[in-house]
Amino acid sequence: MKTKGIILLLILLQAVARGQDLRQFQQPSADYRPWIFWDWVNDMVSRKGITSDLEQFKKFGLSGTLIMLVGSETNNRQMWSNHHMPNPIVSQTPEFFQAWKFAAEESARLGLTISTQCGPGWCHSGGPWIKPDQAVQHIAFSEVHVEGTGKINSYSLPQPGNDDYTADISTVAFPDRKEIAPGEVIDLSRQMHQGKVEWAAPSGKWIIRRYAIRNARAYNRPAPIGGKGFECDKLDKDAVDAMFNGMVGRYLQDSPALVGKTIRAFEADSWEVGNPEWSVNFKDEFIKRRGYDPSPWLITYKTDQIVGSAERTQRFQNDLYLTQTDLFAENFFTHLSKKADSLGMEFMTEPYTGPFDPVRMAGRVQVPMAEFWVSTERMNTIRWAASAANTYGRKVAAAEAFTGRWNDGNWKMDPYALKRVGDLAFCNGLNKMVLHGTALQPWGMDWRPGMNMFFWGTMFVPGQTWWEPGKAWVNYISRCQYMLQQGVNVADVVGLMPTLNWKGAMPGGLHKLYNYDLVSEETLIKDMAYTDGYFSLPSGARYKVLFLPKTKGTMDPKILAKLLQLATQGGLIVCEDKPLRAPGLSDYPQVDKQVGQLVEQLWGNTDGKTSTTHQVGKGKLVWMPEIWQDTFDSERKYFLETRTKGFEFWEDPAKTVHWSAPFLKLLREMTPPDVQVLKASGKAVAWGGMPETASGMREGEDAIAWTHRKVDHTDIYFISNQTETSNQAELLFRVKDKVPVLWDPETGKVYRTTQWTVDGDRTQITLPLSPFGAVFVLFKPKNDVPADVSPYREEHFTQDLPVKGKWQVRFPKGWGAPAKAVLDPGSWTDDQTFGIKYFSGTATYTKAIHITPQQLQSGIMLDLGEVKHIAEVYVNGKPADTLWKPPFRTAIGHLLKPGQNKLTVKISNTWWNRMVGDEQLPEDLEWLPKLRYAGNDYKGYELKEFPSWVWTGEPRPSKDRITFTPWRFVEKNSPLQPAGLIGPVCLKLYGK
């Protein structure tokens, strides 16, 4: 919500809210401000660039950096290796560690935090110091086919694996048939000596197989020059320690006074380079956890061999996976988390695409992380991180925010374009953004826009045109993060995230009517209780209903026993099928009898068709054919229509979860919806201010996104208009006996709403929401709301005073435009002057306006009409507001005086137009051929070689060119973006 003529009395009393500090909300402290991914590209690192970047991050309103050391994105060729930078700093050298220490010291000077990846690259836990035996290990084998005679023979089997590292696991023999009995596998490990087996093979055809672990040759990527090496073995603590000590440990050793203060965290990011299958102690760990020797069963791994039966073979595969994921949890995630605790630091991770379920692993660390792209891809990962935070008791659920690729807007993006997607992420459970991102600018601010991280990321570079006014958007994010880190999440439903076969087993879409979390199996078993009508956890999370994944016929008896306990105590459990057996071979076959007995007690005679409900003690189990379904959001349509078919997305874009009719009926019988949308609608647009991304309409529930937190006696709702249409949205909240107060994160102001009524046990409110607008609705006990909080009042305009005529416009020196111009409101792109038509940057409009004493008796609103893209408003030299989204209005009456007044408006657009303009001028850079992705989808052009004038300060050969960046997205004929103060501009009078 923008000011929009609202008459507000800004209450400065902290007593407005117990638990919510109004001063923190208005000016959030560093703990609640976003960080940024700071990519150090190859060896293009300089102290000048470090200081300049950090000072700019502080100016932008950020509170910390997360450094990634990146290099090649083109196979093994280092990108931009021909940069000719004087005195480059190669990763992992003494000079590099001194540069990192300098960055930490500069961060401390500026009051910023600094964090790091575990190793070079965004794949992420390795480097050149990792030895072959400390690296990711896979299972390998060699074999020989023999004809048994009953006589002792010597059989040679070469060492499996490669020259980097290999170590024997076992040697076995088995009949040469596709399906054999477990007892037919013979362990020959003791007969193996120096690559030869002495064995009297019984009559028949046999296979002798020698198993070993081998170095998987998994390298960190994309590593910078000097940073490439093996990924560590994450199943082995010693290997993990070696990884940590090799780089992060060096940072901490060099700056001990900053550890846990300025040096805040280390992170494990993307899992893209292969995962370990075995480890040096894996066999012993398997036996300890599963109760049997895996050696005879290894012959089924990644082969079509069957031992016992297809079902028993699959059971072994499950046990192998479960052992891998257990070791990941203990020896990587928990081990590094404990290390962080001991240092007063935080371990952060994006734990998915590995052989483990993401909720369990995210819950093991201090800061669960997710990611979301500007195309909304991977929005579902926020549900995993938020669920981990909510169920394991973590305050923060963070995310790599606004990741982009070449066709995700790149230099066209501005804060309003990003807002809907960011608000959607908040509603999915996010409360800490790490912006993605910027490269380190080795030349400081000498060249603009400057370095980008290849073709990745939204361009949050210090040379961005809207960097300084964009702080208003960063303040908005910070206010949201402050509020969303208060108290505990409120959700009515919790789903059990399985460890096995977890992909697709649980919803990942945005909730409607009833919010939900996902809980890991270990948390269910260890921590969940049923008390006072709720499934409850020590974290403070509480739920009315627990639903199960499709079991596909298997469930661990420990889980079944816990479910029986919870149901007996009164819990309502909903399922879609019934397990029949255990997933593994531990205690087989007796374990299946145990499963059967537990299932009988829980499921009774239900079959999901003729019988669907079984009473279990004080609770019950309900079997229904479907519980949920995820469907893609409307905005997906734009991407499907504009991108090469089959290559529109890397991962699924945003979805919405729809509870089935039977499940909704069950929920409604227990409690009303937490939030119900009675009225809302508007245009579905992927990115704000870009009408070309329109994708139909959003109606009713689809028009509004929300999330709910509770602290003490206060309910905090975040409400987001997901349409580019102003709405008088009508919503029902499951709250009674409390007073609603609106906290506006765009302005930091607080006011009462007068448009609310009590509807039984719920409260109905009419919320005025601007295009892609958002507001916090706080329900507080009446006595907690001071009587002098001003009410929200819609403006009722009594007169429009058009601001007619031309404006005096000043353009900054050195940005390619004339120093001065006299312009009517309109897009710069319509001007015939080259420097104005293609201008990118900030232009200052000034105009004298006359105000009468009579007019000052009314409230006066400045309405700028259409703006591209950000407006900073000053009246008589005093700042009035920074407007970064429609409506571009602000109240200015308090700054006006009778007679002549000076109105100043600074307008900032994006870099896009000047980049296109530069393509009309003589070229002075050499580019590699245009890089194709698929079909007509191109990633753009890579700079072949950095010219010397970038570093020396010599005049640029094409003297009228303004922009420099080593990756080019534009063409000479690329369409321009509307830019400038487009208007119409008017003053709107309203009654005070």
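If you're wondering where the values come from, they're calculated on a predicted model, not measured in any experiment. (Residues numbered from 1 in each chain as written. Predicted model: local features only at pLDDT ≥ 70, side-chain atom pairs only at ≥ 80, totals over all residues. Heavy atoms only, no water.)

Visitor: Can you tell me about the overall build of the protein, naming the residues and giving the values?
Guide: Looking only at helices and strands, one finds 19 helices and 57 strands in the protein. In terms of C-alpha radius of gyration, the protein reaches 31 Å, essentially the compact-globule figure of 30 Å for 992 residues. The C-alpha extent of the protein, read off along each of the three principal axes, is 115 × 75 × 55 Å. Counting the 992 residues in the protein, one finds 65% classified as buried. Considering only contacts within the protein whose residues lie at least 6 apart along the sequence, 79% involve residues at least 24 apart. (Helix = DSSP H or I, 4+ residues; strand = E, 2+ residues; numbered from the N terminus. Rg over C-alpha atoms; globule rule 2.2 N^0.38 Å. Buried < 20%, exposed > 50% of the residue type's maximum accessible area, 1.4 Å probe, protein only. Contact = heavy atoms within 4.5 Å.)

Visitor: Explain the sheet that holds strand β26 (residues 545–547) to me, using residue names and the numbers behind them.
Guide: Ordered in space as β22-β21-β26-β27-β29-β28, the 6 strands form an open sheet in which the pairing is mixed. The sheet is open, and its two borders are formed by β22 (516–520) and β28 (613–616), each paired with just one other strand. Along the sheet, successive strands turn relative to each other by an average axial angle of 25°, direction set aside. Here β26 runs beside strand β27 (residues 572–575); their pairing, made up of 3 bridges, is parallel. Residue pairing in the sheet places L546 in a bridge with I573 of β27. Set on the sheet, helix α14 (residues 590–603) makes contact with β27, β28 and β29 (619–623); between it and β28 the angle comes to about 105°. (Pairing = 2+ DSSP bridges. Axes fitted to C-alpha atoms, helices over the stretch in contact; angles between N-to-C directions.)

Visitor: Residue-level account of helix α4 (residues 237–246), with values.
Guide: Among the residues of α4, A239, V240, D241, A242, M243 and F244 are the ones counted as buried. Where α4 is buried, its residues meet β4 (126–127), α5 (248–254), β14 (263–268) and α7 (310–343). The opening residue of α4 is D236, an N-cap whose side-chain oxygen sits 3.3 Å from the backbone nitrogen of D238. (Polar contact = N/O pair within 3.5 Å; in protein donor to acceptor, adjacent residues only side chain to side chain.)

Visitor: Explain the pairing of strand β16 (residues 346–349) to me, and be specific about the residues and the numbers.
Guide: Here β14 runs beside β16; their pairing, made up of 4 bridges, is parallel. In the sheet register, F266 faces β16, and the bridge partner there is F347. As judged from the 2 bridges shared by β16 and strand β17 (residues 367–373), these two strands associate in the parallel manner. The residue bridging M348 from the neighbouring strand is V367, located in β17. The parallel pair β16 and β17, bridged by helix α8 (residues 358–363), forms a crossover whose chirality is right-handed. (Right-handed = clockwise from strand over helix to strand, strands pointing away.)

Visitor: Go over helix α3 (residues 94–110) with me, naming the residues and quoting the values.
Guide: Here α3 contains 17 residues, and its C-alpha end-to-end distance of 25 Å stays within 8% of the 24 Å for a straight helix at 1.5 Å per residue. Looking at α3, one finds that the buried residues are F96, F97, A99, W100, F102, A103, A104, E106, S107 and L110. G111 sits one or two residues past α3 and shows a positive phi near 75°. (Expected span 1.5 Å × (residues − 1).)

Visitor: Could you give me a rundown of the sheet that holds strand β2 (residues 64–70), with the residues and numbers involved?
Guide: Ordered by their spatial adjacency, 8 strands build a closed barrel running β1-β2-β3-β14-β16-β17-β18-β19, and the pairing between neighbours is parallel. Neighbour-to-neighbour, the strand axes of this sheet turn through a mean angle of 30°, independent of strand direction. Here 4 bridges tie strand β1 (residues 35–41) to strand β19 (residues 432–439), and the two strands are oriented parallel to one another. Within the sheet, the bridge partner assigned to W35 lies in β19 and is V434.

Visitor: Outline the pattern of salt bridges, supporting the account with residue identities and numerical values.
Guide: A full pass over the atoms with the stated rule returns 54 salt bridges. A salt bridge links E919 to R961, with the shortest nitrogen-to-oxygen separation between them at 3.5 Å. Of the two residues, E919 sits in the loop between α18 (912–918) and β53 (931–934) while R961 sits in the loop between α19 (949–952) and β55 (967–968), which places them 42 residues apart along the sequence. On the basis of relative accessible area, E919 is assigned to the buried category, the value being 14%. Taking the relative accessible area as the measure of exposure, R961 reaches 7% and is therefore buried. Where salt bridges share partners, they join E285, K288, R289, R290, D326, E330, R360, R364 and E522 into one cluster. (Salt bridge = Lys/Arg side-chain N within 4 Å of Asp/Glu carboxyl O.)

Visitor: Now, about unusual backbone geometry: what can you tell me, with residues and values included?
Guide: With an omega of 0°, the peptide bond running from H436 to G437 counts as cis. Relative to the elements of secondary structure, G437 occurs in strand β19. Look at the link from K868 to H869: it is a cis peptide, with omega at 15°. By the secondary structure assignment, H869 is in the loop between β48 (866–868) and β49 (870–875). A positive phi angle is found at N501, which is not glycine, with a value near 50°. What makes N501 exposed here is its relative accessible area of 51%.

Visitor: Summarise the packing of aromatic side chains; cite the residues concerned and give the values.
Guide: The tally for this structure, following the rule as stated, stands at 83 aromatic pairs. An angle of 50° between the planes, with centres 6.0 Å apart, marks the rings of F286 and F316 as tilted. Of this pair, F286 sits in helix α6 (residues 282–290) while F316 sits in helix α7, and the two are 30 residues apart along the sequence. Overall, F286 belongs to the buried group, its relative accessible area being 0%. With relative accessibility at 0%, the residue F316 sits in the buried group. Ring plane angle 35° and centroid distance 6.4 Å describe the contact between W443 and F946, whose orientation is recorded as tilted. Pair noted here: W443 is in the loop between β19 and α11 (471–484) and F946 is in the loop between β54 (937–942) and α19, with a separation of 503 residues, a long-range link. (Phe/Tyr/Trp six-rings, centres within 6.5 Å; stacked < 30°, edge-to-face > 60°.)

Visitor: Quick rundown of the packing of helix α10 (residues 415–427) against α11? Include the residues and the values.
Guide: The geometry of a pair of packed helices is captured by two quantities: the angle between their axes and the separation between those axes. Their axes nearest at 11 Å, the elements α10 and α11 cross at an angle of 10°. One way to sum up the angle between α10 and α11 is to call them roughly parallel. Between α10, through P415, L418, K419, D423 and F426, and α11, the contact on the second element is made entirely by W473, Y476, I477, C480, Q481 and L484. When grouped by side-chain class, the residues that make up the contact of α10 with α11 number 8 nonpolar, 1 polar and 2 charged. (Parallel < 35°, antiparallel > 145°, perpendicular 65-115°, else oblique. Nonpolar A, V, L, I, M, F, W, Y, C, P; charged D, E, K, R; others polar.)

Visitor: Account for the side chain of D924, naming residues and giving values.
Guide: With respect to the helices and strands, the residue D924 is situated in the loop between α18 and β53. Given a relative accessible area of 14%, D924 falls into the buried group. Here S958 takes part through its backbone nitrogen, which lies 3.2 Å from a polar atom of the side chain of D924. Other than its neighbours up to four places away in sequence, D924 contacts W949, R956, P957, S958 and R961.

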